[in-house]
Amino acid sequence: MQYKSITISSKNTFKRFSHSKRFLLTAELLRKHKCQKILDYGAGDGEVYKFLDDKTKKKIFFFEPNVSMVRELRENLKNFKNIKVFTKAKKIFINYFDLICINEVFEHLNFQEQKKLINNLKQISRKNGKIIISVPIEVGMSSLFKNIIRILINQKHENTTFLNLIKSCLYLKIDRPNKKYNNSHIGFNYLHFIKFLKKENLIFKKLIFSPFSILKGLLNSQIFIIAKFKC
């Protein structure tokens, strides 16, 4: 199954709408910050590139470590020239990027891998470089609504149980498998993640909810965190 089939080309109207808004917002933020060297870290199939203006396209690099996803990225962007892609973290330029966006990645990692990723971002980011992070909202009513849709379209995540749905809705802790990479969103709490980022010395500039500018975490699908590392 291609990544696009569960995001922007999903058969479900809400999923198509939610992911389209996510890409539009990412493109808007990348354009608005007017940085010279941009990295899309964990780029997936590179779909966000299609939403960028020509000026921003010239500034962006991609990093995607998953081999099959890199194939999807190259196929998805085959009609565009000069696509710059890193496939190994060690090859990414050190102290180079003044803006890094990392969308829908952190929720898949255990605590140790999240800390390693933060340290890597610090290394490749320039002094006073900005970070844009988006993660899904998987608690409260948003979680219940999302998981009902996943069940109805036969795309439910691992560990989707009645008890875990209730726990997610009530913001209760769910034990997640301690894997380096976890495909499931079940048990991810963006509020705990925000506390983690603050402990890692990120200075928050702005929080933006998507796809709606109102209701905050009540019925939105993602949260975007615009921040920078303390010098």
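What comes next is a walk through the structure. Predicted model, so just to flag it, every value in this text is computed and none were measured.

1. Comments concerning the sheet that holds strand β5 (residues 125–136)
Reading across the sheet, the seven strands line up as β3-β2-β1-β4-β5-β7-β6 and stay open at both edges, with mixed pairing between neighbours. The open sheet has two edge strands with one neighbour each: β3 (85–86) and β6 (202–210). Here eight bridges tie β6 to strand β7 (residues 222–229), and the two strands are oriented antiparallel to one another. Each residue of the ladder has a partner; that of Ser 210, found in β7, is Gln 222.

2. What to know about unusual backbone geometry
For the bond running from Ser 210 to Pro 211, omega is 10 degrees, close enough to zero to count as cis. Note that Pro 211 resides in the loop between β6 and β7. We note that Asn 95 has phi near 50 degrees; this positive angle belongs to a residue other than glycine. Mapped onto the fold, Asn 95 is located in the loop between β3 and β4 (97–103). Using a relative accessible area of 47% as the deciding quantity, one classes Asn 95 as partly exposed.

3. A few points about the pairing of β4
Two faces, one strand: in a regular strand the side chains alternate between the faces of the sheet. The buried fraction of β4 is high, at seven of seven residues. Judged from the six bridges that link them, β4 and β5 form a sheet pairing that is parallel. Within the sheet, the bridge partner assigned to Leu 99 lies in β5 and is Lys 130. Taken together, β4, helix α4 (residues 111–124) and β5 form a β-α-β motif whose crossover is right-handed.

4. Things to note about a positive patch on the surface
Together, Arg 31, Lys 32, Lys 34, Lys 55 and Lys 206 make up a region of like positive charge exposed at the surface. Turning to its location among the elements, Lys 206 is positioned in strand β6.

5. Points about the environment of Phe 23
With respect to the element layout, Phe 23 can be found in helix α1 (residues 13–32). When the C-alpha positions of Phe 23 and Ile 8 are compared, they lie 9.0 Å apart, and in sequence the two are 15 residues distant. Residue contacts for Phe 23: discarding those within four places in its chain leaves Ile 8, Glu 47, Val 48 and Phe 51.

6. So, a nonpolar patch on the surface
Taken together, Phe 17, Met 141, Phe 145, Phe 212, Ile 214, Leu 215, Leu 218 and Leu 219 make up a surface patch of nonpolar side chains, about 700 Å² in accessible area. Position of Leu 218 relative to the elements: it lies in the loop between β6 and β7. Classification of Leu 218 by relative accessible area gives partly exposed; the value is 45%.

7. Let's talk about the packing of α4 against helix α7 (residues 190–199)
Their axes nearest at 11 Å, the elements α4 and α7 cross at an angle of 45 degrees. As judged from the angle between their axes, α4 and α7 are oblique. For the element pair α4 and α7, the recorded crossing hand is right-handed. Judged by residue contacts, Phe 111, Gln 114, Lys 115 and Ile 118 of α4 engage Phe 193, Phe 196 and Leu 197 from α7. Along the lines of polarity and charge, the residues of the contact of α4 with α7 split into five nonpolar, one polar and one charged.

Rules used in this analysis
Residue numbering note: each chain is counted from 1, following its sequence as written. It should be noted that, the model being predicted, local features are given only for residues of pLDDT at least 70 and side-chain atom pairs only at 80 or more, the latter also being counted only at that level, while totals for whole chains, interfaces and linings use all residues. To obtain the side-chain values, all non-hydrogen atoms of the structure were used and water was disregarded. Note on pairing: two strands pair once DSSP finds at least 2 bridges between them. Helix numbering and strand numbering both begin at the N terminus, where a helix is a DSSP run of H or I of at least 4 residues and a strand a DSSP run of E of at least 2. Throughout this description, buried means an accessible area under 20% of the type-specific maximum (1.4 Å probe, protein chains only), exposed means over 50%, and partly exposed covers the range between. Here is how to tell: hold the view so the strands point away, follow the path from the first strand over the helix to the second, and if it runs clockwise the crossover is right-handed. To count toward a patch, a residue needs a relative accessible area above 30% and no salt bridge. Like charges then connect within 9 Å, nonpolar side chains (Val, Leu, Ile, Met, Phe, Trp, Tyr) within 5 Å. For accessible areas, the Shrake-Rupley method is used with a probe of radius 1.4 Å. Any residue's cover is judged against the shown protein chains and nothing else. We define a salt bridge as a contact between a side-chain nitrogen of Lys or Arg and a carboxyl oxygen of Asp or Glu at a distance within 4 Å. Residues scored as positive are Lys and Arg, those scored as negative are Asp and Glu, and His as well as the terminal groups of each chain are ignored. The location of each charge is read from NZ of Lys, CZ of Arg, CG of Asp or CD of Glu. Residues count as neighbours in contact if any of their non-hydrogen atoms are within 4.5 Å of one another. Interaxial angle, 0 to 180 degrees, is taken between N-to-C directions of lines fitted to C-alpha atoms, where a helix line uses only the stretch in contact. Each angle receives one of four descriptions, namely roughly parallel if under 35 degrees, roughly antiparallel if over 145, roughly perpendicular if within 65 to 115, and oblique otherwise. Handedness of each helix crossing follows the sense of rotation of the near helix against the far helix: counterclockwise by less than a right angle gives left-handed, clockwise gives right-handed. In the scheme used here, Gly and all other residues not listed as nonpolar or charged are polar, with Ala, Val, Leu, Ile, Met, Phe, Trp, Tyr, Cys and Pro taken as nonpolar and Asp, Glu, Lys and Arg as charged.

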